[in-house]
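Residues per chain, in single letters:
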Amino acid sequence: MTAVLPRRRLAALPATPRYIAGRIGQALLALFGVVTIVFFALRLSGDPARLLVPEGATAADIARVRDRLGLNDSLWHQYTTFLGDAVHGNLGYSYVQNRPATDLLAERLPYTANLAVAALVLSLLFGVTVGTVTALKRGRWQERVLMPIVLAGQAMPAFWTGLLLVLVFSVGLRWLPSTGYDGPLSLLLPSVTLAALSAAAIARVTRGAMLEQLAQDYVRTARAKGAGTWRLVTRHLARNTAIPVLTVAALELANLLGGAVVTEVIFAWPGLGQLTVQSVAARDFPVVQAIVLLASAVYVVVNLATDLLYGVIDRRVAAGGGTA
Amino acid sequence: MTEPATFLRIRDLRIGFGSGHEAVRGVDLSAERGETVALVGESGCGKSLTALALLGLLPPGASATGSAVLDGTELVGRDERALRRIRGARAGMVFQDPMSSLNPTTPVGAQIAEVLAIHTRMSRSARRRRAVELMESVGIPDAAARARQMPHQLSGGMRQRVMISIALAGRPDLLIADEPTTALDVTVQAQVLALLRERARDTVLLFITHDMGVVAEIADRVAVMYAGRIVETGPVRAVLDAPRHPYTAALLRSVPDPDRPVAGELPTIPGQVPAAGERIEGCPFRPRCARATDRCLTPPDLTPDETGGSVACWHPHELTEAAS
Ligand SMILES: Nc1ncnc2c1ncn2[C@@H]1O[C@H](COP(=O)(O)OP(=O)(O)O)[C@@H](O)[C@H]1O
Ligand code: SF4
Ligand SMILES: [Mg+2]
């Protein structure tokens, strides 16, 4: 039976407190590693003081700014100060806006979260539907029509999909606003753009899982009872394909946050992605560090939650494990 | 219609694959209500395909022609809607491997109750009660608690009893059991055979097996299949005591006889079953048959004899002739 299940599930089998504690420890270690790497990499990227001073500023002006920002201290001192503050929830002040980095993030986060969640819902709806239909209608016209769309969605980069959508629906048809945040309708184009990639991935995984399950003997039993396609999908296949589909959806949520950067820039969406690009360009170290910390935390938490959720979805695990 | 009405009448059933390969080559079989017919033959002779065709559950690429009428209802060539009303309600099926044939993530009681959800207007609680009753009726102890368990928590024998409950839940007129004891321990085999014998009193039971040894225990009549055809049928005692077709005789010789001390190895039938798609001129058994003559280059038809049986052979064993 284990051959039916994705490899990852095996990691979830010993869902003991000890196992959970171990996984949380690993997660914290990963966070620490990422933040450390980014901290030093940023300081190799150049001098933010040069970008902050007005044109024609003297070397002395620049040195004063560096001093104010603490950039003249030793790297090690900067690093330990940063860690010490971070532990207390203080991620520093934006060099550019002179406000706490956490405030800036808190301001932008709802926009990105809105966009990512809308995109995830759209890509799940589309991906699961298309994956299921192409598996059920294998070799029929439905598959021949839908598969190229899936492949195109996967091959098209976000900036290309985004520009295409803007051209058609905003510039051409004038149905939708093209940029900025202007009510719920303005969420549509960015979230569709962002959803395209994930929808294709979810469709592929759903289709694969469905094909694998359709070949199982219990499907024949269900049909021998007189079950129709709808019942087969909702009562039998849904639960048995849930693990791979939810896994890829969770991983896609992390990817969506990454994809949001490009999408937000295209659509001038006032979220974290735009803030990232602005902060990197301005070498606004505290803000970049805060964003990286947040993004890694989301990634790590999503992965951890997925692992632990397996036990809940797969009732064989919840029922006490062990196969007869 | 001058012939007597027969409860189940299969006529000239042929099952082909797109390539032109015909796996079942004109099966004729009849059975009365309450009668158990054993369909016997070596692996690959077309037993399972014959059974699946009666439920419209042939694998993709296979198609059936001919006719199978169950109490006035044609089963072959019906559309999916009509078949869904037949499956589970008019005809139920028990498969070989009860582990893979049950949905691994659904409690067994719910899998039985599903038949009632599809074919009756019973309330959810009534369906649940009925499922427990069915489990009791097939000899599952502590049925109410068992109903809530997953397939992997039951023993092989209990799982096959659950499958039998599923097949019986819709009170079918035709019960098909395809090698239902092959995957079970010897002691459990006997129990499941006894259960099927008892529970199939009001139905036609089509019992499929490759094992001549169990035929005497369950069947009223035997139909011996070879390379997609029925080569001999008759009352179980007549066929077992005095087989007429050389293939039936050879099959019986290869069954271990409890009365005969085990001496050396069991005689096996020399030669091989024809490969898929292989065309043999005349009688398909000719390459393996010790009695073959030039006459056997013309295919023999299934011809009734005075014992109430039929045989498709130009040189059958005489009724007085000993089987060995
Ligand atoms: N899915 C399939 N595709 C192609 N040929 C098949 C398929 N299933 C069965 N067959 C052919 O039909 C023959 C009979 O199969 P089956 O009815 O399963 O035999 P049995 O149940 O008697 O062992 C096999 O020998 C094989 O050649
Ligand atoms: S017809 Fe001929 S070849 Fe076929 S079984 Fe009878 S004797 Fe053998
Ligand atoms: Mg078979």
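For clarity, every value in this text was computed on a predicted model and none was experimentally measured.

**Q** Pulling in residues and values, what's your account of the overall build of chain A?
**A** Along chain A, the regular secondary structure elements total 13 helices and zero strands. Ordered by position in the sequence, the α and β elements of chain A form the string α-α-α-α-α-α-α-α-α-α-α-α-α. Split into buried and exposed, the 324 residues of chain A put 43% on the buried side. Taking the contacts inside chain A whose residues are at least 6 apart along the sequence as the reference set, 75% of them involve residues at least 24 apart.

**Q** Lay out the interface of chain A and chain B with the relevant residues and their values.
**A** At the junction of the two partners, chain A supplies 24 residues and chain B supplies 32 residues. Both sides of the chain A and chain B interface together cover about 2,400 Å² of buried area, and 55% of this is carbon and sulfur. Looking at the side of chain A facing chain B, the largest losses of area belong to A:Arg220, A:Arg223 and A:Lys225, adding up to 26% of the total buried there. Linking A:Lys225 and B:Glu114 is a salt bridge whose minimum nitrogen-to-oxygen distance equals 2.9 Å. Connecting chain A to chain B are 13 residue pairs in polar contact (both at pLDDT 80 or more). At the level of secondary structure, the elements contributing two or more residues to the side of chain A that touches chain B comprise helix H9 (217–224), helix H10 (229–266) and helix H13 (315–318) of chain A. Looking at the side of chain A that touches chain B element by element, the count peaks at six residues for H9(A). Among the residues making up the side of chain A that touches chain B, the classes are represented as six nonpolar, eight polar and ten charged.

**Q** Break down the site of ligand 2 for me, with residues and values.
**A** With respect to spatial proximity, 13 residues lie near ligand 2, and among them B:Cys283, B:Cys289, B:Cys296, B:Cys313 and B:Trp314 are the closest. Each residue belonging to the shell around ligand 2 can be placed in one class, and the counts come to nine nonpolar, two polar and two charged.

**Q** Can you explain helix H5 (residues 124–137) of chain B? Please cite residues and give values.
**A** All names here are of chain B. Relative to the 20 Å expected for 14 residues at 1.5 Å per residue, H5 spans 20 Å between its end C-alpha atoms, a close match to the ideal helical length. Of all the positions in H5, only Ala126, Arg127, Ala131, Val132, Leu134 and Met135 are classed as buried. Here the buried face of H5 lies against helix H4 (108–119), helix H6 (143–146) and helix H7 (156–169). Downstream of H5 by one or two residues, Gly139 has phi in the positive range, about 80 degrees.

**Q** Help me get a handle on unusual backbone geometry, residues and values and all.
**A** The phi angle at A:Arg283 is positive, at roughly 50 degrees, despite the residue not being glycine. Structurally, the position occupied by A:Arg283 is in the loop between helix H11 (272–281) and helix H12 (285–313). Given a relative accessible area of 25%, A:Arg283 falls into the partly exposed group. Unlike most non-glycine residues, B:Asp71 shows phi in positive territory, near 45 degrees.

**Q** Tell me about the sheet that holds strand E5 (residues 73–74) of chain B, residues and numbers included.
**A** Residues and elements named next belong to chain B. Reading across the sheet, the four strands line up as E2-E1-E4-E5 and stay open at both edges, with antiparallel pairing between neighbours. This sheet does not close on itself; its edge strands, each paired only once, are strand E2 (22–31) and E5. Relative to E5, strand E4 (residues 62–70) runs antiparallel, the two sharing two bridges. The residue bridging Leu70 from the neighbouring strand is Thr73, located in E5. Against the sheet, helix H1 (residues 47–54) touches strand E1 (8–17), E2 and E4, its axis set at about 115 degrees to E1.

**Q** So what's going on with the packing of aromatic side chains? Which residues, and what values?
**A** Residues and elements named next belong to chain A. In total, this model carries ten aromatic pairs over all chains according to the counting rule given. Between Trp76 and Tyr79, the aromatic rings sit 5.8 Å apart at their centres with planes inclined by 50 degrees, giving tilted as the arrangement. Of this pair, Trp76 and Tyr79 both sit in helix H4 (residues 75–87), three residues apart, which is roughly one turn of the helix. Take Trp76: its relative accessible area is 59%, and that puts it in the exposed class. Here Tyr79 falls in the buried class, since its relative accessible area comes to 5%. Aromatic rings pair up to connect Phe39, Phe40, Trp76, Tyr79 and Phe82 into one cluster. Note that Arg43 overlies the ring of Phe39, its terminal NZ or CZ placed 3.8 Å from the centroid.

**Q** Report on the confidence of the model for chain A, specifying residues and quantitative values.
**A** When pLDDT is low, close inspection of the predicted coordinates is not appropriate. Residues and elements named next belong to chain A. The predicted model of chain A has a mean per-residue pLDDT of 83, with 90% of residues at 70 or higher. In the model, residues 1–13 has pLDDT below 50 throughout and makes 24 contacts with residues more than four positions away in sequence or in other chains. Here residues 315–324 scores under 50 on pLDDT; set against residues more than four positions off or in separate chains, the count is 21 contacts.

**Q** Give a detailed account of the site of ligand 1, specifying residues and quantitative values.
**A** All names here are of chain B. In the vicinity of ligand 1, the contacting residues are Phe17, His21, Ala23, Ser43, Gly44, Cys45, Gly46, Lys47, Ser48, Leu49, Pro59 and Ala276. In this structure, an oxygen atom belonging to ligand 1 sits 2.6 Å away from a main-chain N or O atom of Gly44. At 3.3 Å, a backbone N or O of Cys45 approaches an oxygen atom of ligand 1. Considering ligand 1 on its own, with 560 Å² of exposed area, one finds that the protein chains cover 65% of that surface. A per-class count over the shell around ligand 1 returns six nonpolar, five polar and one charged.

**Q** Tell me about the state of the cysteines, and name the residues and values.
**A** Residues and elements named next belong to chain B. Scanning the entire structure with this criterion turns up zero disulfides over all chains. Cys283 provides the cysteine sulfur closest to Cys45, a residue in no disulfide bond, and the two sulfurs are 14 Å apart. By relative accessible area, Cys45 is classed as buried at 4%. The class for Cys283 is buried, based on a relative accessible area of 11%.

**Q** I'd like a rundown of the packing of helix H5 (residues 101–136) of chain A against helix H6 (residues 141–155) of chain A, residues and numbers included.
**A** To characterise two packed helices, one gives the angle between the axes of the helices and the distance between these axes. Residues and elements named next belong to chain A. The interhelical angle for the contact between H5 and H6, taken along N-to-C directions, is 140 degrees, at an axis separation of 9 Å. With respect to their mutual orientation, H5 and H6 come out oblique. Of the two elements, H5 crosses H6, and the hand of that crossing is left-handed. Residues Phe126, Val130, Val133 and Thr134 of H5 pack against Gln142, Glu143, Leu146, Met147, Ile149 and Val150 of H6.

**Q** Tell me what's going on with the UniProt feature "transmembrane region" (unreviewed entry) in chain A, and back it up with residues and numbers.
**A** Under the feature "transmembrane region" (unreviewed entry), the UniProt entry names residues 20–42, 115–136, 148–173, 185–203, 241–267 and 287–306 of chain A. The distance separating the terminal C-alpha atoms of residues 115–136 of chain A is 31 Å; by composition the span is 100% helix and 0% strand.

**Q** Any chance you could break down the domain arrangement of chain A for me, citing the residues and the numbers?
**A** Residue and element names in this part refer to chain A. Domains assigned within chain A are domain 1 (1–6 + 14–96 + 282–324) and domain 2 (110–279). Taken over C-alpha atoms, the centre of domain 1 sits 28 Å from the centre of domain 2. Here domain 1 meets domain 2 over a buried area of about 1,600 Å², counting both sides, of which 70% is carbon and sulfur. Counting every contact that joins domain 1 to domain 2 gives zero salt bridges. For the pair domain 1 and domain 2, the interface holds four residue pairs in polar contact (both at pLDDT 80 or more). Of all the elements, H12 adds the most residues to the side of domain 1 that touches domain 2, at eleven residues. For the side of domain 1 that touches domain 2, the residue count by class is 13 nonpolar, two polar and four charged.

Thresholds, definitions, all that
- Throughout, a residue's number is its position along its own chain's written sequence, starting from 1.
- Chains and ligands are labelled by the order in which they are written, letters from A for the one and numbers from 1 for the other.
- In view of the model being predicted, local features appear only for residues whose pLDDT reaches at least 70, and side-chain atom pairs are presented and counted only at 80 or more, with totals across whole chains, interfaces and linings using the full set of residues.
- Hydrogens and water are ignored here; the side-chain numbers use all heavy atoms of the structure.
- Think of it this way: any DSSP run of H or I at least four residues long counts as a helix, any run of E at least two long counts as a strand, and we number them from the N terminus.
- Buried, partly exposed and exposed residues are distinguished by accessible area as a fraction of the type maximum, computed with a 1.4 Å probe on protein chains only: under 20%, between the cut-offs, and over 50%, respectively.
- Whether two residues are in contact is decided by their heavy atoms, any of which lying within 4.5 Å being enough.
- By definition, the buried area sums, over both parts, the 1.4 Å-probe accessible area that each loses when the two are put together.
- A carboxyl oxygen of Asp or Glu within 4 Å of a side-chain nitrogen of Lys or Arg is what we treat as a salt bridge.
- In protein, a polar contact means a hydrogen-donor-capable atom and an acceptor-capable atom, both N or O and within 3.5 Å, with residues adjacent in sequence counting only if both atoms are side-chain atoms; elsewhere, any N or O pair within 3.5 Å suffices.
- For this scheme, ten residues count as nonpolar: Ala, Val, Leu, Ile, Met, Phe, Trp, Tyr, Cys and Pro. Four count as charged, namely Asp, Glu, Lys and Arg, and the remainder, Gly too, count as polar.
- When we say a residue is near a molecule or strand, we mean one of its heavy atoms is within 4 Å of it.
- Here a helix's expected span is defined as the number of its residues, less one, multiplied by 1.5 Å.
- Strand pairing is assigned whenever DSSP identifies at least 2 bridges connecting the two strands.
- Fitted lines through C-alpha atoms give the axes, limited to the stretch in contact for helices. The angle between two N-to-C directions lies from 0 to 180 degrees.
- Whether two aromatic rings pair depends on their centres lying within 6.5 Å, for rings of Phe, Tyr and Trp, where Trp uses its six-membered ring; planes under 30 degrees apart make the pair stacked, over 60 edge-to-face, and the rest tilted.
- We call a charge positioned over a ring when the NZ of a Lys or the CZ of an Arg lies within 6 Å of the ring centre and within 35 degrees of the ring normal.
- pLDDT gives the predictor's per-residue confidence on a scale running from 0 to 100.
- The method behind every accessible area is Shrake-Rupley, applied with a 1.4 Å probe, and residues are considered shielded solely by the protein chains displayed.
- Cysteine sulfurs are considered disulfide-paired once they come within 2.5 Å of each other.
- Roughly parallel here means an angle under 35 degrees, roughly antiparallel means over 145, roughly perpendicular means 65 to 115, and every remaining angle is called oblique.
- If you view the pair so one helix is near and one far, a crossing is left-handed when the near helix is turned anticlockwise from the far one by less than a right angle, and right-handed when it is turned clockwise.
- UniProt positions are given in the numbering used here, feature names are shortened, and annotations may be inferred rather than shown by experiment.
- Note: domain ranges come from an automatic or database domain assignment.

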